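Below, each chain spelled out in residue letters.
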Amino acid sequence: MEIEEVRKKINEIDYKIIELIVQRFKLVKEVALHKFTNNLPLKDPSREKALIEDRNAKFEKLGFKDSGFVSSLYSTIIKKSIKLQKNYMKKHKKDREEKLTGV
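Owing to the predicted nature of the structure, the values given are computational and were not obtained by experimental measurement.

A. Focus on the packing of aromatic side chains. Following the criterion strictly, the structure yields 2 aromatic pairs and no others. Relative to phenylalanine 69, the ring of phenylalanine 59 has its centre 5.8 Å away and its plane inclined at 35°; by these criteria the two rings are tilted. Here phenylalanine 69 lies in helix α3 (residues 67-101) and phenylalanine 59 lies in helix α2 (residues 45-61), a separation of 10 residues in the sequence. The class of phenylalanine 69 is partly exposed, set by a relative accessible area of 43%.

In structure tokens form, the structure reads like this:
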């Protein structure tokens, strides 16, 4: 396979990765709403730890041993998810307060 063909396939995979990340971040809004509605904390360290361990195991099962990469990748994703949840919860709280006060 020529290098341009390989690069084209890499680009296609990259676009799919981006699409999946966007889908994941859209689901984060649902998580935020659940946390807001049920008065749950924004961060869940045990969930975050379990998620990273699970993704490391999946990566390793697929033949790659680089837990540092997977941990770094998912730490970044989790940080962004928490930021999105925080912003969504702030907006939801503000909207609810406006409805209650009629402003």
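The discussion continues.
B. Geometry of the pattern of salt bridges. All chains considered together, the criterion is met by 5 salt bridges. For the salt bridge of arginine 7 with glutamate 4, the shortest nitrogen-to-oxygen distance reads 3.5 Å. With a gap of 3 residues between them, arginine 7 and glutamate 4 both fall in helix α1 (residues 3-37), about one helical turn apart. What makes glutamate 4 exposed here is its relative accessible area of 52%. Between aspartate 95 and lysine 91 there is a salt bridge; the shortest N-O distance is 2.9 Å. With aspartate 95 and lysine 91 both in helix α3, this residue pair falls 4 residues apart, about one helical turn.

C. Local environment of a nonpolar patch on the surface. On the surface, a nonpolar cluster with roughly 300 Å² of combined accessible area is contributed by Met1, Val6 and Ile10. One can find methionine 1 in the segment before α1. The exposure class of methionine 1 is exposed, given its relative accessible area of 69%.

D. Focus on the packing of α1 against α3. The contact between α1 and α3 brings their axes to 8 Å, and the two run at 50°. Comparing their axes, α3 and α1 come out oblique. Between α1 and α3 lies a crossing of right-handed hand. Taking contact as the criterion, the partners of Arg24, Phe25, Val28, Lys29, Val31, Ala32, Leu33, Lys35 and Phe36 in α1 are, on α3, Ile77, Lys80, Ser81, Leu84, Gln85, Tyr88, Met89, His92, Lys93 and Arg96. Taken together, the residues that form the contact of α1 with α3 break down as 10 nonpolar, 3 polar and 6 charged.

E. Expanded view of unusual backbone geometry. Despite not being glycine, asparagine 39 shows a phi value in the positive range, around 55°. A relative accessible area of 70% means that asparagine 39 is categorised as exposed.

F. Spotlight on the side chain of serine 81. Considering the arrangement of structural elements, one finds serine 81 in helix α3. Among the residues examined, serine 81 registers a relative accessible area of 5% and is labelled buried. Residue contacts for serine 81: discarding those within four places in its chain leaves Arg24, Phe25 and Val28.

G. Quick peek at α2. The end-to-end C-alpha distance of α2, which contains 17 residues, comes to 24 Å, matching closely the 24 Å that a straight helix rising 1.5 Å per residue would cover. If you check which residues of α2 are buried, you get Glu48, Leu51, Ile52 and Asn56. Taken down its axis, α2 places every buried residue within 130° of arc, on the same side. Exposed side chains of α2 directed beyond 90 degrees from the buried face belong to Ser46 and Lys61. Buried residues along α2 sit in contact with α1 and α3. Just beyond α2, the residue with positive phi is glycine 63, at close to 105°.

Analysis parameters
- Residues numbered from 1 in each chain as written.
- Predicted model: local features only at pLDDT ≥ 70, side-chain atom pairs only at ≥ 80, totals over all residues.
- Heavy atoms only, no water.
- Phe/Tyr/Trp six-rings, centres within 6.5 Å; stacked < 30°, edge-to-face > 60°.
- Helix = DSSP H or I, 4+ residues; strand = E, 2+ residues; numbered from the N terminus.
- Buried < 20%, exposed > 50% of the residue type's maximum accessible area, 1.4 Å probe, protein only.
- Salt bridge = Lys/Arg side-chain N within 4 Å of Asp/Glu carboxyl O.
- Patch = residues over 30% accessible without salt bridge, like charges linked within 9 Å, V, L, I, M, F, W, Y side chains within 5 Å.
- Areas by Shrake-Rupley, 256 points an atom, 1.4 Å probe, with all protein chains shown as cover.
- Axes fitted to C-alpha atoms, helices over the stretch in contact; angles between N-to-C directions.
- Parallel < 35°, antiparallel > 145°, perpendicular 65-115°, else oblique.
- Left-handed = near helix turned anticlockwise from the far one by under 90°.
- Contact = heavy atoms within 4.5 Å.
- Nonpolar A, V, L, I, M, F, W, Y, C, P; charged D, E, K, R; others polar.
- Expected span 1.5 Å × (residues − 1).
- Arc of directions from axis to C-beta.

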